[in-house]
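Architecture and fold: a report
Spelled out from the first residue to the last, the chains are:
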Amino acid sequence: MSKRRVVITGLGMVTPLGLTVADTWSALLAGKSGVRPISSFDTSQFPVTICADVQNFDPLVYFDPKEARKTEVFIQFAAAAATQAVTDSGLVIDEGNANRVGVSIGAGIGGLLSIQRNHELFLAGGQRKISPTFIPYAIINMAPGVVAIKYGCKGPNLSIVSACSTGAHNIGNSARLISYGDADVMIAGGCEMATTVLGVGGFAAIRALSRRNEEPTKASRPWDRDRDGFVLGEGAGVVVLEEYESAKRRNAHIYAELVGYGMSDDATHITLPDQDGLGSAAAIQNALNDAGLNKEEVGYINAHATATLPGDVAEVIGIKRVFGDYASKIPVSSTKYMTGHLLGAAGSVEAIISILAMRDQVAPPTINLDNPDVGCDLDFVPHTARETKIDAVISNSFGFGGTNTCLAFKKV
């Protein structure tokens, strides 16, 4: 059975840099940082007091007041990004195609805010104070469930949860569902809202977060020798994937074709990557093989690079394993410098960024890269965006548990 081609026809984003794709992309190209002091809770007892949170988000744009009150924020972000993507695609979902339209949106952690709030209610007043909407709206797969209900999508509905690879896995798996005929359209991506007491406190406890509290905009600095961890972010990224012939028939605007999807696992440690770069290299090579791409065809890499000491170097080693001498000729950037690390939303937001880089023929900058660390010696597009020829891109996403994912996109 020959695989059906899969294209991207709609994009949607909610990030610390903006509430839309256009606003986020404009801020990225300008090298703006979305990192700022935490204002949602008292951080006086915390070693970390900064995050990259979404600003000025109004759920009433996407929900009626009653639904907005009971719907967890990570689900609100997902619904907002999905609404943008579906609107952008021009897709009409009705009785004629609803059974062929699915939704796959995941989160790395899910309803952390609901867990925290309902625990506080329990401590204050006992079991009867726990909200009856707590369980339904803390569950991760309620994100695609809410989107499916809104649009009447009756095709596959699921959430892949794989830590910081979540967004990429949901997109890649959705492409497979279309390729092999389980659906004609998939609304896919990732979301997250973990900038809470438990989220910040938990990641700080394992010393994963930057403590550059006095310089928020300079705190996220992948590959720099002075990096000291990532900055916790939040948001959502969702795309509309569509079977190529279906998109052509309705004259849809096609951003790119998803040509490759690669996966692997390091199988070495629950939080640390394989220092030989073998796992990341396998995911990248698998994506290139799936795409039928030669390494010289890749014009830009959006790296996972989070600003952890071992992770950044391991990814560089993995890229070099795959691309050899050509690795030094490929623009590689980490947009987490500006967005922070969006956890379950990172892979989907960065996939969209990669698609936009190819659309506009420009590599986003890597800000704050003042002194590249030993072993971090690729073309990281420091400080300023750069116009460059891009016909194919790859986007890397790696996560706790050793999971590795790579998506490859190509111009149509």
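Read on for an overview of the structure. (Residues numbered from 1 in each chain as written. Predicted model: local features only at pLDDT ≥ 70, side-chain atom pairs only at ≥ 80, totals over all residues. Heavy atoms only, no water.)

Some points on the overall build of the chain
In terms of helices and strands, the chain carries 13 helices and 14 strands. Oriented by its inertia axes, the alpha-carbon framework of the chain measures out at about 65 × 55 × 40 Å. Relative to its full complement of 412 residues, the chain shows a buried share of 60%. In the chain, of all internal contacts separated by at least 6 residues, the share reaching a separation of at least 24 is 79%. When the accessible surface of the chain is totalled, it reaches about 15,800 Å², and 52% of it is carbon and sulfur. When the 35 positive and 42 negative side-chain charges of the chain are each reduced to one mean point, those points stand 3 Å apart. (Helix = DSSP H or I, 4+ residues; strand = E, 2+ residues; numbered from the N terminus. Buried < 20%, exposed > 50% of the residue type's maximum accessible area, 1.4 Å probe, protein only. Contact = heavy atoms within 4.5 Å. Areas by Shrake-Rupley, 256 points an atom, 1.4 Å probe, with all protein chains shown as cover. Lys, Arg positive; Asp, Glu negative; His and termini not counted. Charge placed at Lys NZ, Arg CZ, Asp CG, Glu CD.)

Quick look at the pattern of salt bridges
What the rule picks out here adds up to 21 salt bridges. Linking Lys-320 and Asp-377 is a salt bridge whose minimum nitrogen-to-oxygen distance equals 2.7 Å. Taken together, the residues span a long stretch of sequence, with Lys-320 in helix H11 (residues 309-323) and Asp-377 in the loop between strand S11 (362-363) and strand S12 (386-387) at a distance of 57 residues. On the accessibility criterion, Lys-320 (32% relative accessible area) is partly exposed. (Salt bridge = Lys/Arg side-chain N within 4 Å of Asp/Glu carboxyl O.)

With respect to the pairing of strand S6 (residues 185-192)
Burial runs high along S6: eight of the eight residues are buried. Both faces of S6 are covered, namely the face carrying Val-185, Ile-187, Gly-189 and Cys-191 and the face carrying Met-186, Ala-188, Gly-190 and Glu-192. In this sheet, S6 lies alongside strand S4 (residues 101-107) in parallel orientation, the contact comprising seven bridges. From the neighbouring strand, Ala-107 faces S6, where its bridge partner is Cys-191. (Pairing = 2+ DSSP bridges.)

With respect to the packing of aromatic side chains
Throughout the structure, instances matching the rule amount to six aromatic pairs. Seen from their ring centres, Phe-57 and Tyr-62 are 6.1 Å apart, and the 10° between their planes marks the pair as stacked. Take Phe-57: its relative accessible area is 19%, and that puts it in the buried class. Centroid distance Phe-203 to Phe-400: 6.5 Å. Interplanar angle 50°. Geometry classified as tilted. Taken together, the residues Phe-203 in helix H8 (residues 197-205) and Phe-400 in the loop between strand S13 (392-399) and strand S14 (403-410) connect sequence positions 197 residues apart. On the basis of relative accessibility, which here comes to 11%, the residue Phe-203 falls in the buried class. For Phe-400, a relative accessible area of 36% gives the class partly exposed. (Phe/Tyr/Trp six-rings, centres within 6.5 Å; stacked < 30°, edge-to-face > 60°.)

Quick look at the packing of helix H7 (residues 166-179) against helix H13 (residues 346-360)
Contact geometry for H7 and H13: axes closest at 4 Å, N-to-C directions at 65°. Between H7 and H13, the angle is such that the two are roughly perpendicular. In contact with Gly-167, Ala-168 and Ile-171 of H7, H13 contributes Gly-347, Ser-348 and Ala-351. When grouped by side-chain class, the residues that make up the contact of H7 with H13 number three nonpolar, three polar and no charged. (Axes fitted to C-alpha atoms, helices over the stretch in contact; angles between N-to-C directions. Parallel < 35°, antiparallel > 145°, perpendicular 65-115°, else oblique. Nonpolar A, V, L, I, M, F, W, Y, C, P; charged D, E, K, R; others polar.)

Some words on the sheet that holds strand S9 (residues 300-302)
In space, the 10 strands of this open sheet follow the order S5-S4-S6-S7-S1-S8-S14-S13-S9-S10, with mixed pairing throughout. The sheet is open, and its two borders are formed by strand S5 (157-158) and strand S10 (332-333), each paired with just one other strand. In terms of strand pairing, strand S1 (residues 6-14) meets strand S7 (residues 235-243) through eight bridges, oriented antiparallel. Among the inter-strand pairings, Val-6 is bridged to a residue of S7, identified as Glu-243. Lying over the sheet, H11 contacts S9, S10 and S13, oriented at roughly 140° with respect to S13. Sheet contacts for H13: S1, S6, S7, strand S8 (256-265), S9, S13 and S14; angle to S13, the most-contacted strand, approximately 165°.

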